[in-house]
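Here is how the chains run, residue by residue.
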Amino acid sequence: MPSATFNILSPSINADLSQCIPSWVKRLGVDFGKLSAHKFESIPQLRKALQAGTLKSGQLVALKCRPSRFSPFLRNHFVSPIIGHRSDMRRGPQFDPRHVLGLINQIQSQWTPAGILPYLGDDIYQAVLIDPDSPTFGTVSLLPPPFSGPAFVPHLNALIRGDDLQLIDGVCTVYGILRHADQSNLEQFGVDTEHYEIMRQKGELYFLDCTGEYGECRKHPGTDHLGLWGAMYAQGHFEFTGGELSVASVEEASFDAMKSTFGQEVILNRSQGQMANTMIYCKGARFTLSHQHPTYSLHMDTDFANEFAENRPKFDRTMEKLLTNFEQAFNANGLEWTNARDVDFNYANSSDTITLLEKLPHESRENSLVNAVADWHRSRKLIKTSSED
């Protein structure tokens, strides 16, 4: 009987292995490469390394942080100087009331308005990385930052893949390549040479590119549902012809709109004097109307990590009701509202807001790097496309 031999692996399996082995080797190389990443437990620690020159663009970084798709875009917000008639009228973390400055902050500090960062295409998203122990984006306050707390908490801009979206808003260790926005990249968004040098010395020119082969987001277990407080915010102004606008008619229109969303616990407070204004508020939301300009704003406390899906429709309904009531008030006064239903900017409508940010003068921006990062990614896509052609 002729002897028979058997191949343990069939030709098709051998072929599959020959294709898989290179990818395994590459994967092992990437994993070993991450062991040599520069590791940081906080963003101030990373900034210190940048300022000292021990960390440079192009190096692999592992950073403990909280990634979020929400970020403040603009500054010079028109907000109420107080949160209401009680010290608990703002939702979210409380300031320490045992000290005088803590009590003042508790009464009159507002959460920094924030909006969602843009999608850049090709399954790439902009994100902001925040220190893991920060429950908020920062504050808008009458007190200067040394006394009111940070106007904008330590953060780092980043690019992330769509696969990592489900991991954000918890504490993560994020791996990425450190990138640098050069002066020509920022000049087109209003950053002059002097301010560029200030940003360079503070280590504010850098962002993390987590989209390449070394990019990864490793979520720490047990860190879901942490709050990240900011504010949904919209601001506008009135332009009209045909006579004078009655402040009382706008107050009535605004009060009715706020009550339609937030119920009966809405209070109207009018401030007379040099900076006359009207504030209509309830716990967690404030409408402010200036009598001089006239400018108005809506500010709504929101936990962006957990409440955006719930609060965005409520915010939109309130804004729609405000604009409808304003229109009726103008008609009743026989006035032509020349910028009818035109809101200067609205953080809930971030696609328009991010476009507006490109056109603002530098002094009206909080973070020009948001635009510079998007521009860097577009330039990278163009270079890649050209090389493929």
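Peer 1: Honestly, the nonpolar core in this entry has me stumped. Any pointers?
Peer 2: Considering soluble globular proteins, one finds that nonpolar side chains tend to be buried as a cluster. By size, the foremost hydrophobic cluster in this structure holds 47 residues, and its most contacted members are Phe137, Phe238, Met258, Phe287, Tyr296, Phe315 and Phe326. Top contributing element to this core by residue count: helix H8 (residues 308-332), with seven residues. Contact partners of Phe326, with chain neighbours within four places excluded, come to Phe238, Val250, Ala253, Ser254, Phe287, Tyr296 and Trp337. Counting 38 residues, the second largest nonpolar core, distinct from the first, contains Leu55, Cys65, Cys217 and Leu369.

Peer 1: Sorry if this is basic, but what is going on with the packing of aromatic side chains here?
Peer 2: By the definition in use, this model includes 19 aromatic pairs. Their ring planes at 65° and their centres at 5.9 Å tell us that Phe238 and Trp337 sit as a pair that is edge-to-face. Taken together, the residues Phe238 in the loop between strand E13 (229-237) and strand E14 (240-241) and Trp337 in strand E19 (residues 336-337) connect sequence positions 99 residues apart. Here the two residues Phe238 and Trp337 agree in accessibility, since each one is buried. Ring geometry for Phe287 versus Tyr296: centroids 6.2 Å apart, planes at 20°, classification stacked.

Peer 1: Explain the packing of helix H7 (residues 247-262) against H8 here, please?
Peer 2: The packing of two helices is summarised by the inter-axis angle and the distance between the axes. At a closest axis distance of 9 Å, the pairing of H7 and H8 adopts a crossing angle of 150°. Between H7 and H8, the angle is such that the two are roughly antiparallel. The interaxial crossing formed by H7 with H8 has right-handed handedness. Across the interface between the two elements, Ser249, Val250, Ala253, Ser254, Asp256, Ala257, Met258, Ser260, Thr261 and Phe262 of H7 pack against Lys314, Arg317, Thr318, Lys321, Leu322, Asn325, Phe326 and Ala329 of H8. Looking at the contact of H7 with H8 residue by residue, the class counts come to eight nonpolar, six polar and four charged.

Peer 1: Can you walk me through the confidence of the model for the protein chain in this structure?
Peer 2: Do not read the fine detail of predicted coordinates wherever pLDDT is low. Model confidence for the protein chain is summarised by a mean pLDDT of 81, while 80% of its residues fall at 70 or above. Highest mean pLDDT in the protein chain belongs to strand E18 (residues 295-303) (96); lowest belongs to helix H1 (residues 11-35) (56). The model gives residues 4-9 a pLDDT under 50, and that stretch makes two contacts with residues more than four places away or in other chains.

Peer 1: What's the story with a nonpolar patch on the surface in this structure? I'm lost.
Peer 2: A cluster of nonpolar side chains, contributed by Val100, Leu101 and Ile104, occupies part of the molecular surface with about 250 Å² of accessible area. Tracing the sequence through the fold places Val100 in helix H3 (residues 100-108). The class of Val100 is exposed, set by a relative accessible area of 62%.

Peer 1: Help me understand the sheet that holds strand E15 (residues 267-271) in this model?
Peer 2: Remark on secondary structure: sheet strands pair via backbone hydrogen bonds, oriented parallel or antiparallel. Reading across from one edge, E15-E16-E17-E18-E13-E20 is the order of the six strands in this open sheet, with antiparallel pairing throughout. Where the open sheet ends on each side, the last strands, each with one partner, are E15 and strand E20 (343-346). Strand after strand, the sheet turns through a mean of 15° between neighbouring axes, direction not considered. Of the strand pairs in this sheet, E15 and strand E16 (residues 277-282) are connected by five bridges, and their pairing is antiparallel. Bridged to Ser271 within E16 is Asn277. Relative to the sheet, H8 contacts E13, strand E17 (285-290), E18 and E20, its axis offset from that of E18 by approximately 165°.

Scoring rules and cut-offs
- Residues numbered from 1 in each chain as written.
- Predicted model: local features only at pLDDT ≥ 70, side-chain atom pairs only at ≥ 80, totals over all residues.
- Heavy atoms only, no water.
- Core = buried A, V, L, I, M, F, W, Y, C linked by side-chain atoms within 4.5 Å.
- Buried < 20%, exposed > 50% of the residue type's maximum accessible area, 1.4 Å probe, protein only.
- Helix = DSSP H or I, 4+ residues; strand = E, 2+ residues; numbered from the N terminus.
- Contact = heavy atoms within 4.5 Å.
- Phe/Tyr/Trp six-rings, centres within 6.5 Å; stacked < 30°, edge-to-face > 60°.
- Axes fitted to C-alpha atoms, helices over the stretch in contact; angles between N-to-C directions.
- Parallel < 35°, antiparallel > 145°, perpendicular 65-115°, else oblique.
- Left-handed = near helix turned anticlockwise from the far one by under 90°.
- Nonpolar A, V, L, I, M, F, W, Y, C, P; charged D, E, K, R; others polar.
- pLDDT = per-residue confidence, 0-100.
- Patch = residues over 30% accessible without salt bridge, like charges linked within 9 Å, V, L, I, M, F, W, Y side chains within 5 Å.
- Areas by Shrake-Rupley, 256 points an atom, 1.4 Å probe, with all protein chains shown as cover.
- Salt bridge = Lys/Arg side-chain N within 4 Å of Asp/Glu carboxyl O.
- Pairing = 2+ DSSP bridges.

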